[in-house]
Amino acid sequence: KIFESFYHAFHGIKVGLSSQRNLRIHFTATPCVVVLGLVLQIDMASWLALVLVMAMVISTEFLNTALEHLVDIAAEGQYRYAARCAKDTAAAAVLTASVAAIATGLIVFLPRLLARIYS
């Protein structure tokens, strides 16, 4: 059963990555952040903050994708204002997580980058 659970989870990753452009962008940004953290030798607290916001953004993207699929099923191809609102608020959750991740990245990286530039 545990292997089946992992199978379904990885299938969900495949579905998300194949259908969601923004998720692919976030998956691409993640190793870039890790490399920058390694190059700048950030401390443990900074790593923790970055890992948490990266996970938060990717998780909200997956939840947004799942909600979009469910709303599409429920709407049966018809426009419904409530369906639009559900999708828009789920997208707002991703936006909120992304803004928090950008702010965290700036807090962690900007002082270190400026120190390297002006030293």
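Residues numbered from 1 in each chain as written. Predicted model: local features only at pLDDT ≥ 70, side-chain atom pairs only at ≥ 80, totals over all residues. Heavy atoms only, no water.

Undergrad: Please set out the packing of helix α3 (residues 44-75) against helix α4 (residues 81-117) residue by residue, giving values where relevant.
TA: Each pair of packed helices can be summarised by the angle the axes make with each other and by the distance between the axes. Running from N to C, α3 and α4 cross one another at 165°; their axes reach a closest spacing of 9 Å. Relative to α4, α3 is oriented roughly antiparallel. In the packing of α3 onto α4, the handedness of the crossing is left-handed. Of the residues assigned to the contact of α3 with α4, the class counts are 19 nonpolar, 6 polar and 5 charged. (Axes fitted to C-alpha atoms, helices over the stretch in contact; angles between N-to-C directions. Helix = DSSP H or I, 4+ residues; strand = E, 2+ residues; numbered from the N terminus. Parallel < 35°, antiparallel > 145°, perpendicular 65-115°, else oblique. Left-handed = near helix turned anticlockwise from the far one by under 90°. Nonpolar A, V, L, I, M, F, W, Y, C, P; charged D, E, K, R; others polar.)

Undergrad: Outline the side chain of Thr60, supporting the account with residue identities and numerical values.
TA: Among the secondary structure elements, Thr60 is positioned in helix α3. We classify Thr60 as buried; its relative accessible area is 17%. Not counting residues within four places of it along the chain, the set of residues in contact with Thr60 comprises Ala93, Val94 and Ala97. (Buried < 20%, exposed > 50% of the residue type's maximum accessible area, 1.4 Å probe, protein only. Contact = heavy atoms within 4.5 Å.)

Undergrad: Quick one: what's the story with the nonpolar core, residue by residue and with numbers?
TA: Among the nonpolar cores identified, the biggest contains 7 residues, and these are Leu40, Ile42, Trp47, Leu50, Met54, Val108 and Phe109. Counting residues per element, the ones that place at least two in this core are α3 and α4. Leaving out residues up to four positions away in the same chain, Val108 has contacts with Ile42, Ser46 and Leu50. (Core = buried A, V, L, I, M, F, W, Y, C linked by side-chain atoms within 4.5 Å.)

Undergrad: How would you sum up the packing of helix α1 (residues 2-19) against helix α2 (residues 21-40)? Please name residues and give values.
TA: Packing of α1 against α2 brings their axes to within 5 Å, and their N-to-C directions diverge by 105°. Here α1 is positioned roughly perpendicular relative to α2, judged by the angle of their axes. Where α1 abuts α2, its residues Ile13, Gly16, Leu17, Ser18 and Ser19 lie against Arg21, Leu23, Arg24 and Phe27. Grouping the amino acids of the contact of α1 with α2 by side-chain chemistry returns 4 nonpolar, 3 polar and 2 charged.

Undergrad: Please provide a residue-by-residue account of the side chain of Gln20, values included.
TA: The residue Gln20 is located in the loop between α1 and α2 in this model. Gln20 gets classed as buried once you look at its relative accessible area, which sits at 17%. A distance of 3.4 Å separates a polar atom in the side chain of Gln20 from a polar atom in the side chain of Ser19. (Polar contact = N/O pair within 3.5 Å; in protein donor to acceptor, adjacent residues only side chain to side chain.)

Undergrad: Hey, could you go over the packing of aromatic side chains for me, with residue numbers and the actual values?
TA: Taken as a whole and judged by the stated rule, the model has 1 aromatic pair. Look at Phe27 and Phe62: their rings are 6.3 Å apart centre to centre, the planes differ by 85°, and that puts the pair in the edge-to-face class. With Phe27 in helix α2 and Phe62 in helix α3, this residue pair connects regions lying 35 residues apart in the sequence. (Phe/Tyr/Trp six-rings, centres within 6.5 Å; stacked < 30°, edge-to-face > 60°.)

Undergrad: Can you explain the pattern of salt bridges? Please cite residues and give values.
TA: This model, assessed by the stated rule, comprises 3 salt bridges. A salt bridge links Asp43 to Arg112, with the shortest nitrogen-to-oxygen separation between them at 2.7 Å. A residue pair is termed long-range when its members are at least 10 positions apart, and Asp43 in the loop between α2 and α3 and Arg112 in helix α4 qualify at 69 residues. Judged by its relative accessible area of 24%, Arg112 falls in the partly exposed class. For the salt bridge of Asp88 with Arg84, the shortest nitrogen-to-oxygen distance reads 3.2 Å. You can see Asp88 and its partner Arg84 sitting in helix α4, 4 residues apart, about one turn around the helix. (Salt bridge = Lys/Arg side-chain N within 4 Å of Asp/Glu carboxyl O.)

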